[in-house]
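As a plain string of letters, each chain reads:
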Amino acid sequence: MAVVAKVWIDEDCITCDACQDICPEVFEVTDDSSMILAAVRTDGLFDRNEGGSPLTGTLGAELGDIILEAAEACPVEVIKFELVGDGAAVTEVAAEAPVDVAPAAVAAVAPAAGASDELNAVFAGDRTLNILFGSQTGNAAGLAEKTAKMAGNYGLDAKVVDMDGLDPATLASMKRVMIITSTWGEGEMPDNAESAWNAINANGPGLGDTHFSICAIGDSSYDEFCKAGHDWNGKLAALGGHEAHPLQECDVDFDAPWQLWVNEALPLLACVDSSGTLQVELLEEMKAYGSGDEDDAVEGDFTPGKIAREELTISLELFRYCPEAAESGWDTLTCTVPGHATVQDLLISMQQDVDGSLAFRRGNGAGTPTTGIRVNGRVALADSTMIADLTSDGGRVRVEPLPGHPVVRDLIVDTSRYENHRSRAEPWMRTDPREGERLPSGAALGTLEPALATALHLAGDVQSFQLIQAMSDTLAHDSHYEGPGVHFQQWLRAKDPRTGQEQRRSIMNSLLQRDGVWSEADHASLMRFGEDGRLAAHSLNEARMQLLNQTKYAGKHGRLVKWYGRSVKWTGKVNETTLYRQVLGPLGLVGNVFSGVSARMALAFTRNGSPPIRSLQALLLPPAGLGRIPKMVNSKVHDYHEVVSLFNEIDQRF
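Rules and cut-offs
Residues numbered from 1 in each chain as written. Predicted model: local features only at pLDDT ≥ 70, side-chain atom pairs only at ≥ 80, totals over all residues. Heavy atoms only, no water. Helix = DSSP H or I, 4+ residues; strand = E, 2+ residues; numbered from the N terminus. Buried < 20%, exposed > 50% of the residue type's maximum accessible area, 1.4 Å probe, protein only. Contact = heavy atoms within 4.5 Å. Areas by Shrake-Rupley, 256 points an atom, 1.4 Å probe, with all protein chains shown as cover. Salt bridge = Lys/Arg side-chain N within 4 Å of Asp/Glu carboxyl O. Pairing = 2+ DSSP bridges. Axes fitted to C-alpha atoms, helices over the stretch in contact; angles between N-to-C directions. Core = buried A, V, L, I, M, F, W, Y, C linked by side-chain atoms within 4.5 Å. Arc of directions from axis to C-beta. Right-handed = clockwise from strand over helix to strand, strands pointing away. Parallel < 35°, antiparallel > 145°, perpendicular 65-115°, else oblique. Left-handed = near helix turned anticlockwise from the far one by under 90°. Patch = residues over 30% accessible without salt bridge, like charges linked within 9 Å, V, L, I, M, F, W, Y side chains within 5 Å. Lys, Arg positive; Asp, Glu negative; His and termini not counted. Charge placed at Lys NZ, Arg CZ, Asp CG, Glu CD. pLDDT = per-residue confidence, 0-100.

### A look at the overall build of the chain
Stage number 1. Helix and strand content of the chain: 24 helices and 19 strands.
Stage number 2. Of all 654 residues assigned to the chain, the portion counted as buried reaches 46%.
Stage number 3. The long-range share in the chain, meaning contacts at least 24 apart out of those at least 6 apart in sequence, stands at 68%.
Stage number 4. Here the chain has roughly 31,600 Å² of accessible surface; of this, 51% comes from carbon and sulfur atoms.

Set out below in structure tokens:
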């Protein structure tokens, strides 16, 4: 028995009525041409079906032989059809038939005890949720996979669908649709969604039974923020689709808004029954079902482990600032908390039980970049830093605002300066035209070696660039300094081979300016803050090294590094004396007689307290470095600590 997936009529029909006589359930002949009836098509339209809309339900199997007979009887052979197994129609027809899907879904979502009859009725039908993603860099694809895992909590059978190669006509058979899409360039669709977007604009199906919600990812620094998501939202609504939950816009830090969206959109779409009706009155019960109960946790090999640590008694010191009174101070109290509680958990308890006016920024519990604070002298993210990692039983927890930023109230700081510097630095990618590959759909796809892509990811794999910014010792004292968080992003962009030459030159010139990467005297300050700080310091020293090579060691910093390197290699000594001796050169030594430095040395103003003659000998005769001279040896080398840091990175043999 033949199973027909779709049938359509080509041009040049002579309206002979043969097809309608044989199969009136599918064909109807008008004055102009034979038409495919709306009742048998998933898009619900009445025309020649040139768009190839599939047949609904099991009609392809029930009427397959009759449709083939009508096609053979056509004298001009304009009746075309596609059988299941001939191509893309296999997936579409299989997805349409509820026979294969419904039993598995029902078995997987056996209602919990106490569920209402209405909720049980919703669970009894088709529970398919189609999660479509349009992704340029992989962010949307990753969120789609995470969303699919969460969908099971609401009894949904989630299917993640790449928009590349998607036939928009199949949307009409989807009762629940979530779309997660990024925006590329100036409001353009990502490469894998371009073909589907063009197709749905050319011949979009009716979506009267489809409920949808969209999560749009973008960059607010661009004019067309989240445009691709808004375009899809408008198109689905125009085709008759029902927006179950409003579109969610996500900026570059997309985790928190995505979490808000998925927590609201999933239970709403889970309330859509098998007929395509949204049972909104069941929403609260569905949310309760999805949240589950800790007592109902299933034990097994794949059950996630519970993190629990012993309670700690701590002394909490909490910084407070009231802008109205322009007063600051400290709240101190002793409390007992679980060791696995985060700093954010502690602050929430303080706000709820002690002082409701306490102000701080909350996160989603997964390391939100905007929750930065300073706790026990280190910068950290409040929503992911556990108390047990900061202190022991009987210890102290001292919580302060993030350094380097003006305080708005209590622990909330104003990061507008960082945002302004970042906006002026323009660390987002601007590419040059380059050779690429093609997807099967014909859409362009850039090429990047996997090893290089991994290296680029690891180079910038930090929790928060705002935290990197706050690690600086200089930022609080220099209002013009752009900061290591901004420079780190610039250098990562400059290292990316996809970056255009003009942008790379602009970045390097920016780093070389007075307020650029040289403004931080010593990146060792960043290294005090753990792995993220070490990663940032290493990258910024890479940037300095590249600038020195690019300028051929010209200028103040280049000259100091060059001569200091030679001095250490020639003498084997690392101290200020060798730096002084080699940088000044013979003429500088003679001129120094009149600068007062030699006089200070002769009068015993030496750093290590050794006899003055030892330092004088180091200046005049080898071996150099027997004594040390005062730190302020000469105005030309007042930033001597920059030289030490640079040399340590450039050549570590000494």
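### Regarding the pattern of salt bridges
Stage number 1. Inspection of every chain in the model, using the stated rule, returns 22 salt bridges.
Stage number 2. Among the ionic pairs, E400 bridges to R398, the shortest N-O distance being 3.8 Å.
Stage number 3. You can call E400 buried: its relative accessible area is 15%.
Stage number 4. Close ionic contact of E531 with R534 constitutes a salt bridge, the shortest N to O distance being 3.1 Å. Placement of both E531 and R534 in helix α19 (residues 530–550) is noted, with a separation of 3 residues, approximately one turn of the helix.

### A short note on the sheet that holds strand β12 (residues 327–338)
Stage number 1. Overall, mixed pairing links the 5 strands, which are arranged β12-β11-β15-β13-β14 in an open sheet. Edge positions in the open sheet fall to β12 and β14 (378–381), since each of these has one partner strand only. Taken pair by pair, the neighbouring strands of this sheet meet at an average axis angle of 30°, ignoring direction.
Stage number 2. Two elements, strand β11 (residues 311–322) and strand β15 (residues 396–400), share 4 bridges in a ladder whose sense is parallel. Among the inter-strand pairings, L316 is bridged to a residue of β15, identified as V397.
Stage number 3. Helix-sheet contacts for helix α12 (residues 343–353) involve β11, β12 and β13 (372–375), and the interaxial angle to β11 is about 70°.

### Let's talk about the nonpolar core
Stage number 1. With 32 residues, the main nonpolar core has L129, M178, I180, W258, W261, L266 and M286 as its most contacted residues.
Stage number 2. When contributions to this core are tallied by element, the ones reaching two or more residues are α6 (117–124), β5 (128–134), α7 (139–151), β7 (176–182), β8 (211–217), α10 (255–270) and α11 (283–291).
Stage number 3. Among the elements that line this core, the one with the most residues is α10, at 8 residues.
Stage number 4. Sequence-distant contacts of L266, defined by excluding residues within four places in its chain, comprise L129, T147, M150, A151, Y154, L156 and M178.

### A short note on unusual backbone geometry
Excluding glycine, most residues fall at negative phi; most peptide bonds, likewise, are trans.
Stage number 1. If you check the backbone angles, T15 has positive phi at about 50° while not being a glycine.
Stage number 2. One can find T15 in the loop between β1 (4–9) and α1 (18–22).
Stage number 3. One non-glycine residue, E426, adopts positive backbone phi at about 50°.
Stage number 4. Relative to the assigned elements, E426 resides in the loop between α13 (416–425) and β18 (437–438).

### Quick notes on α13
Stage number 1. For α13, the full list of buried residues reads Y418, H421, R422 and A425. Mapping the buried residues of α13 onto a view down its axis gives an arc of 100°, with all of them on the same face.
Stage number 2. Next to the buried residues of α13 lie α15 (465–470) and α16 (484–495).
Stage number 3. Looking at the residues trailing α13, positive phi occurs at E426, about 50°.

### Concerning the pairing of strand β6 (residues 157–162)
Stage number 1. Here β5 pairs with β6 via 6 bridges, running parallel. Bridging from a neighbouring strand, N130 pairs with K159 of β6.
Stage number 2. What joins β5 to β6 is α7, and the crossover it makes is right-handed.

### Quick word on the pairing of β12
Stage number 1. Summarising the sheet, β11 and β12 pair through 12 bridges and their orientation is antiparallel. Across the sheet, L318 pairs through a bridge with D331, a residue of β12.
Stage number 2. Between β11 and the antiparallel strand that follows it, β12, lie 4 residues; A326 among them carries a positive phi value of about 55°.

### Re the environment of V84
Stage number 1. Here V84 is to be found in the loop between β4 (79–83) and α4 (89–96).
Stage number 2. Distance from V84 to V3, taken between C-alpha atoms, is 5.9 Å for residues 81 residues apart in sequence.

### Some remarks on the packing of α6 against α11
Stage number 1. Between α6 and α11, the least distance of the axes is 10 Å, while the angle of their chain directions is 70°. Relative to α11, α6 is oriented roughly perpendicular. Seen from above, α6 lies across α11 with right-handed handedness. Each of L119, V122 and F123 in α6 lies in contact with α11, whose residues at this interface are E285, M286 and Y289.

### Description of a negative patch on the surface
Stage number 1. Taken together, the side chains of E186, E188, E194, D223 and E224 make up a negatively charged region of the molecular surface.
Stage number 2. Checked against the element boundaries, E186 lands in the loop between β7 and α8 (191–202).

### What about the confidence of the model for the chain?
Stage number 1. For the chain, per-residue confidence averages 78 on the pLDDT scale, and residues scoring 70 or more make up 76% of the total.
Stage number 2. Put simply, α4 is where the chain has its lowest mean pLDDT, 34, and β15 is where it has its highest, 94.
Stage number 3. Confidence drops under a pLDDT of 50 for residues 293–303, and excluding neighbours within four residues, the segment shows 1 contact in the predicted structure.
Stage number 4. Per-residue pLDDT stays below 50 along residues 621–640; that stretch engages in 53 contacts with residues further than four places along the chain or on separate chains.

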